[in-house]
Every structure is written in structure tokens, then in C-alpha cells.
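Chains, contacts and geometry: an overview
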Number of protein chains: 2
Amino acid sequence: MAEVKAYSLENIAKKLNLEVRDISRAVKRKILREYEYKDTKILLFKKEFKHIEKGTVVFLNDNLDVVRGYPKTYRALTLYPTIKEHFIDKVVIEEKLNGYNIRVVYINDEFFALTRSGYICPFTTKKVKKYLKLDILKEYPNYMLCGEMIGLNNPYTPKFYEEAQQEDENLAFYIFDIKERESNKSLTVEERLKLCNIYKLPHVKPLAIVDKEKAHEKIKEIIKELEHKKREGVVLKDPNMDVVPLKYTTHYTQCDDLREAFKFFFDMGLDFLFSRVVREGFMSYEFRESLEERKKRAKDIGEAIILPMAETIEKIASGERVTEDIELIFDSEEDFYEYLEFLRKVKILVKIKDIKELNGKLKVLIGKVYNKTNDKVLAYLNGTLWGE
Amino acid sequence: MAEVKAYSLENIAKKLNLEVRDISRAVKRKILREYEYKDTKILLFKKEFKHIEKGTVVFLNDNLDVVRGYPKTYRALTLYPTIKEHFIDKVVIEEKLNGYNIRVVYINDEFFALTRSGYICPFTTKKVKKYLKLDILKEYPNYMLCGEMIGLNNPYTPKFYEEAQQEDENLAFYIFDIKERESNKSLTVEERLKLCNIYKLPHVKPLAIVDKEKAHEKIKEIIKELEHKKREGVVLKDPNMDVVPLKYTTHYTQCDDLREAFKFFFDMGLDFLFSRVVREGFMSYEFRESLEERKKRAKDIGEAIILPMAETIEKIASGERVTEDIELIFDSEEDFYEYLEFLRKVKILVKIKDIKELNGKLKVLIGKVYNKTNDKVLAYLNGTLWGE
């Protein structure tokens, strides 16, 4: 931590409202790590630590600029009475987009896009600079634009969205929250919408604003519609952001999560499985399903688990190594290599499967490698005994 | 550990082929615990420790009699080539019964039935003494009879078995292994069958003995038949017990396990879920299923998860507290109270739901209490937020 020492631990502690000994301990326990992007050095909280969110970043500059981590959004397992209990009076219903969470900040006369974990992602940084007019952050450098990067051509959650279509790729950033980056205080919904409109920034728009007593009914309707459109779900917010938002997702999303996870089941299956099926149990109860409807739900869930898993086993049995293949567009070779270097640094294993040129741009097919699934399935196919 | 100290740690260590300092550490780390049944005091390994199996017991008598834990039985995720790789030449195929694993021993002129965890179970001890002629153990006190206690009227794995029907209850003990209790060495299959026949002991009979090269084909046939009969599966053994047995279970059992676990999903769901679906993935692959067959399998699995879970949520929502209700028959009130005391000691929470007299016997309906499921479901139904 040579770099850190060049800065005063005391000042870092003060900025974070922590004690110096807390910082030292966080460093020692590898919760606080150093990370570098080009010439920019940051400290990064790998885990939640006291009141500091995971993904919180301290820029190692003279200001010791802080960007707080985006807080975990809790889930309502039941709409009623959870919403009524949680909210104050009104509830703003927004659509939840299924991409990856990004905070965009302006520090040292530069724009940075930080992932949920707190890494400065070169891919995302370039894309937000390309597609968004970020003048707002020059005006309000104490803000961070929090939003979802969605579309088929992103490296983390590739899902097609009609509204994300650009000339060369399916990728767009939608702001769903604007926060003071050092205090993590959100603007009210109204303020956020106003600023997004003034600065012409793409943003998530409220689907409805309802009384908390009736919110569950309206949300049920909306969820049914989103289900039909194969979309992820909703985020529920207090108009003044005086209580934290809640989320609720569609049956489609539960199945979709499982389908993706079970392609690489020894890497991701365990973490995903239980939480998804529990959501479905509560949803089936709350939506007062008939036995027939419940069996339909069960069938969907079963298929989302078994079909991709069996397919993966078949592929590996036939000699393939399975990868998650994602198509990304880079403006230059330099951008591409820089991103590969980033992936190496954050320990995401990839294999380049194809590179094409397209209008002077690079279209790259990247295969994410899930070694655990490949290795374990192969071992079991070859006779390794299973202890569970 | 006052009692232990009355015995020489050195002698205990010697009996177990451990160092004295190992024993001390095991005691200190609470792996080795004291336990009492009437006047019989034992030491019990709560976990695997070096070469000593979990569930291994040392009787605190002058001999320091040892009863080794029943070893974990590994699973073949694929029949081919796992069986071919694992076995030497021949494979004995036996049916796997779905009950609870018991070791019966004769020590200090008394018979004891030990559970897999190593507890002397008063219920089981009385039942094996009632239903079995145990003279064999007087003849061979160095042996332990290892078997499955099956039937609807057992407290741990209540499943109806036609062949377990007695006059007043559905309960029977089937021997599947005879071992030297201090060395854990098994008799050969032939020796075991011979002894069981001589002493007229109920035992599991081989379904077939086959060459290891062709075993997977025969087992597939047997598994299909067992599936049809809704039975658990098979255990595969070397005729001389020179390599450890393997197990393989039916689709029916995978579903049945999930159905049971998801009635009490916050207590048992997480542990059961992933392992069961993974077995199904490999089975679907190995049985070369058509898409239609695979979808049928998926539907069964989905329903085994979702239906009991949603039903439990509905019950709890309507004000019930869910319990697993089991009917047990006791020969006397004393036996019943002794067993309740045992359940208290091993921290199984129960509620007595009904007591009837029947031919001088007691027919008791015991409800096993799963607090985690009841408490958590109630909390989420009342609006508690969910962090997953």
C-alpha cells in the first residue's frame, strides 16, 4: 500500500467518517484495496465495512474525492403488506431494467464510470462518454449519475432491449438515481426527473405514483404486463427518497436468471437457485394461483433449471468447453486491448472467439470461461465420485 | 469432561489409533462429546476427525469398546464410466432402502442401536430388540449389524414400505452390511448373506451380480423398474467389499426429497436443492432423454419445489404453524417419555399432537417443529424485507 501511505490515512479516515485504526484494519483485512486505471489511483472497498457500502471508492488525489457504493436494494417478497409497512404515503413505481449498475462521476476533469464493485470500467467509461452529454456533472461535480447499462452488447448482463439500439450496437445507459457522491444522499424523484429533462439525459420514467395502501394492486397489474413483455420488474421509491427503494421482479426474470445460471451450474447454480425459487413460492401465494397456474409456474422453473444444465452436460460430453459468448463493439484496437487488460485485472477469464472489422470499428466475440463447470462436469462424466 | 478423565486418555487414544494430543484437541474443539443413555456413558465424534468417521462412539467401560461410524457412501453421478472405473470386476447390485441408518451392537451384555450420528436411540434400540433375534451379536460381539430402519412409523424418515408392516406399525430393520465394529471392516457380501440366513435376520438381498463393464446397462433397467415402483435406488458393492460401495437414486427419490424439504424450505431447502437438481441433470443426459422426456423431468422437479413451498406459505398465512407429523407406537408410557427426553437431548423440537391407546400400546402423533420456516415465512408475510 505504498500509494496509500503517500496520502494521509487521517484525511482518508476523516473523509469517510471512520477512525484511522478502522482504515488500517480494513487495509490489513484486505477489505480496502488499491486499484489503478491509467494514471488514476483509487482505494476500493471490496466489502461493506461499518457504514461504508461495498464498492465505495476514494480517489487518491488532493481532494481525496469519495464515491460511495450504490446501496443494496432490498426485495419485497410479498407486495402486501410489505409496501404498506415500508413506505410513508406515496410510492413511485419505476421499471427495473436488467443490465449492470453504474455510477458516472466527474473527478479531476475526467469522467469515470464505476461498476457496482467500484472498478473504473474502461468499456463503460467510453460508452457513457460516447452516448451521453455529461455536462450536468461539470455543473454538479458533487453528484453521481446512477443508472443501468442495458443491451445485448454489454460484457456483464447481455440482454437485448429495443430501446437500447444504437447505430452499431444494442447498448444504452438509463439513469434511475442521482446522488451526492460523498454522502450517498439521493435527489428527490422530482429533482432527478427535472435535471434529466434539462440535460436531456436518458432516464427511467415513473410508470405510476400511487398511495401506498393501494400500491400492491397497481403493481400486480404492472407486473403482469411486464411479465407479458418479458421484462425484469419494478423498483418502488419514496417520492422524496426518505426511505430506501424496494424491488420486485417478474416470474419471467426468475426463470431467466435460472436459465443463465444453470448453463454454468457449478459456477453459479448454488447462489441463484434457492433465492429464485423462494421468490416464486411467495409470488404464487400472493397471486392466489389456481393449482393449474401454479403447476405452470413450477414447470417453467423446472425447465429453467434442467434444460440448460442437461444441455451443458451434453456439450461438455461431446468435447466442447462451454463459454458465455458476448459480442462487444470497440471503437479502436487500443480500446479493445485496454478492456482485455481490465478483465485480466478483475480476474474475469475470457477467450477471444472472433474479431471482425465493421465501419472502422471492432466487433469482438468474447467467450467468458467458467472453469468450475467445465472441469467438474468433465470429472463427473469421467467417473469422479460425488459426495453430496 | 469429568467422566472422560476417569478413563485414561492414553487408552482411548490407543484404541482409536490416535495420539493423546489429538484426543485432547478433539475434546477442546467440541468434536468429541460426552453423551449418556441410562447408565451407559459414551464419547461421540460429532464430525469426521483424522481417520475416524463422524458418528464413531467409544463406550466408557473397562474395555473402552469402540463402534466406528458408518462411512459416507459416495454417489455415481453417471453410471458409465463411474462404475467401470471404481469397481474391480464384479458388482453386486442391492436395493437402497429409504429409512435411517442404524448400527446395532452388543456391549456390556446389552444391545444398543446407534443412529448415524452416534446417538444411542432408545426408540430404535427397543424396536430392534423387539423385532430381531440378536443372538448373532452374542456370538460375535465384535460385529455391528448395519442396516436401514424403514417404514411409516419411524421418527426420522417416515415412508411407507409394504415389507415393513408389523402387527401394530409399519416399521422394520433390514441389514445391508455387517462390520467389525472396531476396525470398520465389512464382511464379504457372501459372508453377510450366510450369517443373515443362519440367524434368520431380515436383510437386503442382491438384485443382481454383474460384470462391471455391463453394470451400467443392468442398473439402468433396475432403476427404471424402481422408478416405476416409487423406490429409492440402488447401492453397488464389490463382492469382497474391497472398494467402498456407491449409490445411485431414482428420479422419484430426487423429487420426493425435494417435496419433503420444501415443506420446510427455510430449514431444509438450501441444503437439498442444488444436489438434487444436479443429479437430475446428469441422469437426463445419461438416459439420453428426448426433449419431451426431459421436460417431463423438469416439470416433476419444478412441482416438487414449488407446490409444497406455496402450500406451506398458504398454511402459515392462514395462521397455522407447520409441523412434520409422525405417528409412533410405544409399548409403554415409560418408553414414550424416555424417547421425548432423548429428542430433547439431541435438540429435535417436537410438539405432541395426539395420544391414543391401542391394545395397551401408545399411539402418539408427534409434530416436528421447524421454527426457521415458520418464523421466516411469517416475517416475510408481515413485510420483512428480503436481502437476496
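Nothing here was measured: the structure is a model prediction, and the numbers come from that model.

1. Section: the UniProt feature "domain: RNA ligase" (unreviewed entry) in chain A
The UniProt entry lists residues 90-249 of chain A under the feature "domain: RNA ligase" (unreviewed entry), expressed in the numbering used here. The annotated region residues 90-249 of chain A carries 24% helix and 33% strand content, and the separation between its end C-alpha atoms amounts to 20 Å.

2. Concerning the pattern of salt bridges
All told, the structure shown has 65 salt bridges over all chains when counted by the stated rule. A salt bridge links Arg25(A) to Asp22(A), with the nearest nitrogen and oxygen atoms 3.3 Å apart. Here Arg25(A) pairs with Asp22(A), and both are found in helix α3 (residues 20-28), just three residues apart, close to one helical turn. Using a relative accessible area of 7% as the deciding quantity, one classes Asp22(A) as buried. Residue Glu94(B) pairs with Lys237(B) through a salt bridge whose shortest N-O separation is 2.7 Å. Of this pair, Glu94(B) sits in strand β6 (residues 90-96) while Lys237(B) sits in strand β12 (residues 233-237); the two residues are 143 residues apart in sequence, bridging distant segments of the chain. Take Lys237(B): its relative accessible area is 2%, and that puts it in the buried class. Ionic contacts of the salt-bridge type, sharing partners, join the residues Lys15(A), Asp65(A), Arg181(A) and Glu182(A) into one network.

3. With respect to the sheet that holds strand β2 (residues 40-45) of chain B
Residues and elements named next belong to chain B. The sheet built from four strands is open, its strands ordered β1-β2-β3-β4 with antiparallel pairing. Looking at strand neighbours, the two that pair on one side only are β1 (32-37) and β4 (66-67), the edges of this open sheet. Across six bridges, the pairing between β1 and β2 is antiparallel. Of the residues in β2, the one forming a bridge with Glu 36 is Lys 41.

4. Focus on the side chain of Thr373(B)
All names here are of chain B. Tracing the backbone through its elements, the reader meets Thr 373 in helix α13 (residues 371-381). A relative accessible area of 0% places Thr 373 in the buried class. A polar side-chain atom of Thr 373 sits 2.5 Å from a polar atom in the side chain of Asp 267. Ignoring sequence-local partners within four residues, the contact set of Thr 373 consists of Lys 263, Phe 264, Phe 265, Phe 266, Asp 267, Thr 312 and Ile 316.

Criteria and cut-off values
- Residues numbered from 1 in each chain as written.
- Chains lettered and ligands numbered in written order.
- Predicted model: local features only at pLDDT ≥ 70, side-chain atom pairs only at ≥ 80, totals over all residues.
- Heavy atoms only, no water.
- UniProt positions renumbered as here; feature names shortened; annotations may be inferred.
- Helix = DSSP H or I, 4+ residues; strand = E, 2+ residues; numbered from the N terminus.
- Salt bridge = Lys/Arg side-chain N within 4 Å of Asp/Glu carboxyl O.
- Buried < 20%, exposed > 50% of the residue type's maximum accessible area, 1.4 Å probe, protein only.
- Pairing = 2+ DSSP bridges.
- Polar contact = N/O pair within 3.5 Å; in protein donor to acceptor, adjacent residues only side chain to side chain.
- Contact = heavy atoms within 4.5 Å.

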